[in-house]
Amino acid sequence: MQTSGAGSQAWRSAITGFDRQRIFTKGVPIEELMRWGNFGDVVFLLFKERPPQPWESRLFNAVMIASADHGPTSPSTLAARVIASGNRRALEAAVAGGLLAVGDAHGGAGEEAMQVLHEGLNRIAETGAAPAAVAREIVQRYAAENRRLPGLGHRFHDVDPRAPVIWTMVRDEHLPAGPVELMLALEEQLRIEKGRLLPVNVDGAIATALVCLGFEPEIGRIAFLIGRCAGIAAHALEELTREKPMRIKFTYTYDGPQPNGKSAQ
Ligand SMILES: CC(C)(COP(=O)(O)OP(=O)(O)OC[C@H]1O[C@@H](n2cnc3c(N)ncnc32)[C@H](O)[C@@H]1OP(=O)(O)O)[C@@H](O)C(=O)NCCC(=O)NCCS
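Summary of the structure given here. (Residues numbered from 1 in each chain as written. Predicted model: local features only at pLDDT ≥ 70, side-chain atom pairs only at ≥ 80, totals over all residues.)

What follows covers the sheet that holds strand 2 (residues 23-25). Strand order in the open sheet made by the three strands is 1-2-3, with antiparallel pairing throughout. Whereas interior strands pair on both sides, the edge strands pair on one side only; in this sheet they are strand 1 (16-18) and strand 3 (28-29). In the sheet, strand 2 pairs with strand 3 via two bridges, with the strands oriented antiparallel. By the bridge assignment for strand 3, Thr25 is matched with Val28. (Pairing = 2+ DSSP bridges. Helix = DSSP H or I, 4+ residues; strand = E, 2+ residues; numbered from the N terminus.)

What follows covers the nonpolar core. Counting residues in hydrophobic clusters, the biggest one holds 53 residues, and the most contacted among them are Val63, Leu186, Ile206, Ala209 and Leu210. It is helix 10 (residues 202-212) that contributes the most residues to this core, eight residues altogether. Taken domain by domain, the makeup of this core includes at least three residues from each of domain 1 (12-52) and domain 2 (110-219). When residues no more than four places from it in sequence are discounted, the contact partners of Ile206 are Val63, Ala66, Ser67, Gly110, Gly220, Ala223 and Phe224. (Core = buried A, V, L, I, M, F, W, Y, C linked by C-beta atoms within 7 Å. Buried ≥ 20, exposed ≤ 12 C-beta atoms within 10 Å, placed from the backbone. Domains from an automatic or database assignment. Contact = placed C-beta atoms within 7 Å.)

With that settled, the discussion passes to the site of the ligand. The local shell around the ligand holds 17 residues, among which Ala109, Arg148, Leu149, Gly153 and Asn201 are the closest. In the shell around the ligand, the residues fall into eight nonpolar, five polar and four charged. (Near = placed C-beta within 6 Å. Nonpolar A, V, L, I, M, F, W, Y, C, P; charged D, E, K, R; others polar.)

This part takes up helix 4 (residues 75-86). The end-to-end C-alpha separation of helix 4 is 17 Å, in line with the 16 Å expected for 12 residues at 1.5 Å each. What helix 4 keeps buried is the set Ser76, Thr77, Ala79, Ala80, Arg81, Ile83 and Ala84. The elements touched by buried residues of helix 4 are helix 5 (91-100) and helix 11 (218-242). (Expected span 1.5 Å × (residues − 1).)

What follows is about unusual backbone geometry. At Lys26, a residue that is not glycine, the phi angle is positive and equals roughly 50 degrees. Residue position: Lys26 is located in the loop between strand 2 and strand 3. For Lys26, a count of 16 C-beta atoms within 10 Å corresponds to the partly exposed category. A positive phi angle, near 55 degrees, is found at Met246, a position not held by glycine. What makes Met246 exposed here is the crowd of 10 C-beta atoms within 10 Å.

Such coordinate-based values are descriptive only and should not be taken to indicate function.
See below:
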């Protein structure tokens, strides 16, 4: 569709078009997507040039579902609840605020995890090195730089139940095993380096799936945001409808200077 008028600028976009009768995304009519697709398929289509194949649909929907919620203790859902606790009139403020808590430590590590996987897979392809050797190199480099490996470690889980589902789906769909082998090799080399298991978390699992699906690394962050938006909204709404305003209280200790100049004990 083209619009013009006095002072209007010519924008362009290749995502969704419409005219008086039709709406279509990447050329696919909205009616078709509504009748035959599902939400994951539409998200896939928005970021790719075509609708997913059935195996891509299953794997991408697993990514969306894995990201959707992890209860009220995640930084994003907690932030949304705190905002809803104080601002009782704007559900959207709580949802938007919750999304702002997603980042490198929470839900945003998928992008860097995909970069690590791409780097490692390229190294394996170019040199023929074993995944374990490439993973050791990457783990040791991160350790030397005092950085955390993205996609590994979890505050609550010994094994994140979302990761093995991705591994079996990749196997059952007969996809190339390289990305899963490398991610598991990173987990194993980090276990050796740290002396304890830091399991592949949701960011690492979805990063692996998204590499299998041929997405660019930015989608590692975006896919989590899209999925988790649903969970954040549910928590914000529950806080508004089920809890009293300003219910959030916690103890803290002031350890700054006292008014009389004495330091705190
Ligand atoms: C998710 C995360 C914040 C959980 O942290 P946690 O369980 O509270 O772990 P802690 O902060 O108590 O760290 C425990 C130890 O493991 C190490 N560690 C934890 N995750 C690590 C990782 N991904 N890479 C390297 N070391 C890691 C810490 O450095 C620390 O080591 P130390 O005892 O020698 O100081 C943490 O694992 C992390 O930062 N992971 C990388 C980012 C990521 O994938 N985020 C997505 C989460 S879904």
